[in-house]
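Inside the fold
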Amino acid sequence: FYCVIREIINTDIITLIFIVCLICIALSKLIYTKRFEIFSYLIINNRYTKVFAKDQHFFELFEGLLFVNLCFNAGIFFYLSINAFVGETISQLLILKYALLIACFFIVKVLLERLLSSIFEIEWLIKDYLLTKISYRNYLGLILLPINAVLIYSVDAKLNTLIIIGLFSLIIFSIGLLTFLKANLNVFKRSMFYFILYLCALEIAPYLIVYQFIAIK
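Computed from a prediction, not measured in an experiment: that's the story for all the values here.

Per the counting criterion, the structure on display carries 4 salt bridges. In this structure, the salt-bridge partner of Glu63 is Arg35, at a minimum N-O distance of 3.5 Å. One end of the pair, Glu63, is in helix H4 (residues 61-86); the other, Arg35, is in helix H2 (residues 33-39), with 28 residues separating them in the sequence. Residue classification places Glu63 among the buried residues on the basis of a relative accessible area of 9%. Here Glu113 ties to Lys133 by a salt bridge, and the two come within 2.4 Å at their closest N and O atoms. Placement of the pair is Glu113 in helix H5 (residues 94-119) and Lys133 in helix H6 (residues 123-153), with a sequence separation of 20 residues. Take Glu113 and Lys133: they sit in the same class, and that class is buried.

Our next topic: the packing of helix H1 (residues 12-31) against H6. Two packed helices can be described by the angle between their axes and the distance between those axes. It is at 11 Å that the axes of H1 and H6 come closest, and there the two elements cross at 155°. By the criterion of interaxial angle, the relationship of H1 to H6 is roughly antiparallel. Here the hand of the crossing between H1 and H6 comes out left-handed. Across the interface between the two elements, Ile14, Thr15, Phe18, Cys21, Leu22 and Ile25 of H1 pack against Leu142, Leu145, Asn148, Ala149, Ile152 and Tyr153 of H6. Its residues assigned to classes, the contact of H1 with H6 shows 10 nonpolar, 2 polar and no charged.

Here we come to the environment of Cys21. As for its placement among the helices and strands, Cys21 is situated in helix H1. A residue is classified by how much of its surface remains accessible, and Cys21, at 0% relative accessible area, is buried. Note: C-alpha distance between Cys21 and Leu145 (124 residues apart in sequence) is 8.0 Å. Excluding anything up to four places from it in sequence, Cys21 contacts Asn69, Phe72, Asn73 and Leu145.

On to the packing of aromatic side chains. Note on aromatic pairs: each is described by the distance of the centres and the angle between the planes. Scanning all chains against the criterion turns up 9 aromatic pairs. Each ring, one from Phe39 and one from Tyr48, has its centre 5.2 Å from the other, and the planes form 75°; the classification is edge-to-face. The two residues Phe39 and Tyr48 agree in class, both being buried. Between Tyr48 and Phe62, the aromatic rings sit 6.3 Å apart at their centres with planes inclined by 40°, giving tilted as the arrangement. Residue Tyr48 is located in helix H3 (residues 47-52), and its partner Phe62 is located in helix H4; the two are separated by 14 residues in the primary sequence. Given a relative accessible area of 0%, Tyr48 falls into the buried group. We classify Phe62 as buried; its relative accessible area is 0%. Grouping aromatic residues by their ring pairs yields a cluster made of Tyr32, Phe36, Phe39, Tyr48, Phe62 and Tyr139.

All right, on to the confidence of the model for the protein chain then. On average, residues of the protein chain score 81 in pLDDT, and 78% of them reach the 70 mark or higher. Between the elements of the protein chain, mean pLDDT differs from a low of 65, seen in helix H9 (residues 192-216), to a high of 93, seen in H1. Here residues 1-8 is a poorly scored stretch, pLDDT under 50, and it has 3 contacts once near neighbours within four places are set aside; other chains count.

What counts as what
Residues numbered from 1 in each chain as written. Predicted model: local features only at pLDDT ≥ 70, side-chain atom pairs only at ≥ 80, totals over all residues. Heavy atoms only, no water. Salt bridge = Lys/Arg side-chain N within 4 Å of Asp/Glu carboxyl O. Helix = DSSP H or I, 4+ residues; strand = E, 2+ residues; numbered from the N terminus. Buried < 20%, exposed > 50% of the residue type's maximum accessible area, 1.4 Å probe, protein only. Axes fitted to C-alpha atoms, helices over the stretch in contact; angles between N-to-C directions. Parallel < 35°, antiparallel > 145°, perpendicular 65-115°, else oblique. Left-handed = near helix turned anticlockwise from the far one by under 90°. Contact = heavy atoms within 4.5 Å. Nonpolar A, V, L, I, M, F, W, Y, C, P; charged D, E, K, R; others polar. Phe/Tyr/Trp six-rings, centres within 6.5 Å; stacked < 30°, edge-to-face > 60°. pLDDT = per-residue confidence, 0-100.

Right under this line is the structure:
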């Protein structure tokens, strides 16, 4: 018989974060039952963006609750990635810092996107595009929750596994955006030049800056 020794890591902070995430999801489903049901099929069809595009506001509680879940789960995934990369366990309190940085990044990005769309006078074009992006990001947050739970409580988070999960998430997000762009291609053609400028300024550049910052750190 062989005895396999596995390091037991205190996960109290992560457990509390998971509870907060579950509460946010439960509230969004309880308060917006029909909307949540349609949202749950986002990966299969784009009915959600079609139905709620006309009634969207600058801030909505439904999206806000799912956004909190997204930021916390993205923070946990980033925490696991750093642990796997450096080969040692870092403080779980850093998850809160990562979640806050991720939230600030997306909030500032959305504000700049709205400002730029106003300057280019393509608000009518960007509004639905932003809803699609926000929706797919929040949907990825729902997917990350059970994945993170398995990686924390059951399976050791290996770097290769995390890379595959990250690529899978990127593919889902990209498919969602490409589906939206394909469905609205004729609309985008009217302001193609400004839309390309928009993509370069606020879709490509911010992520390159973040990548360079992480690489330097």
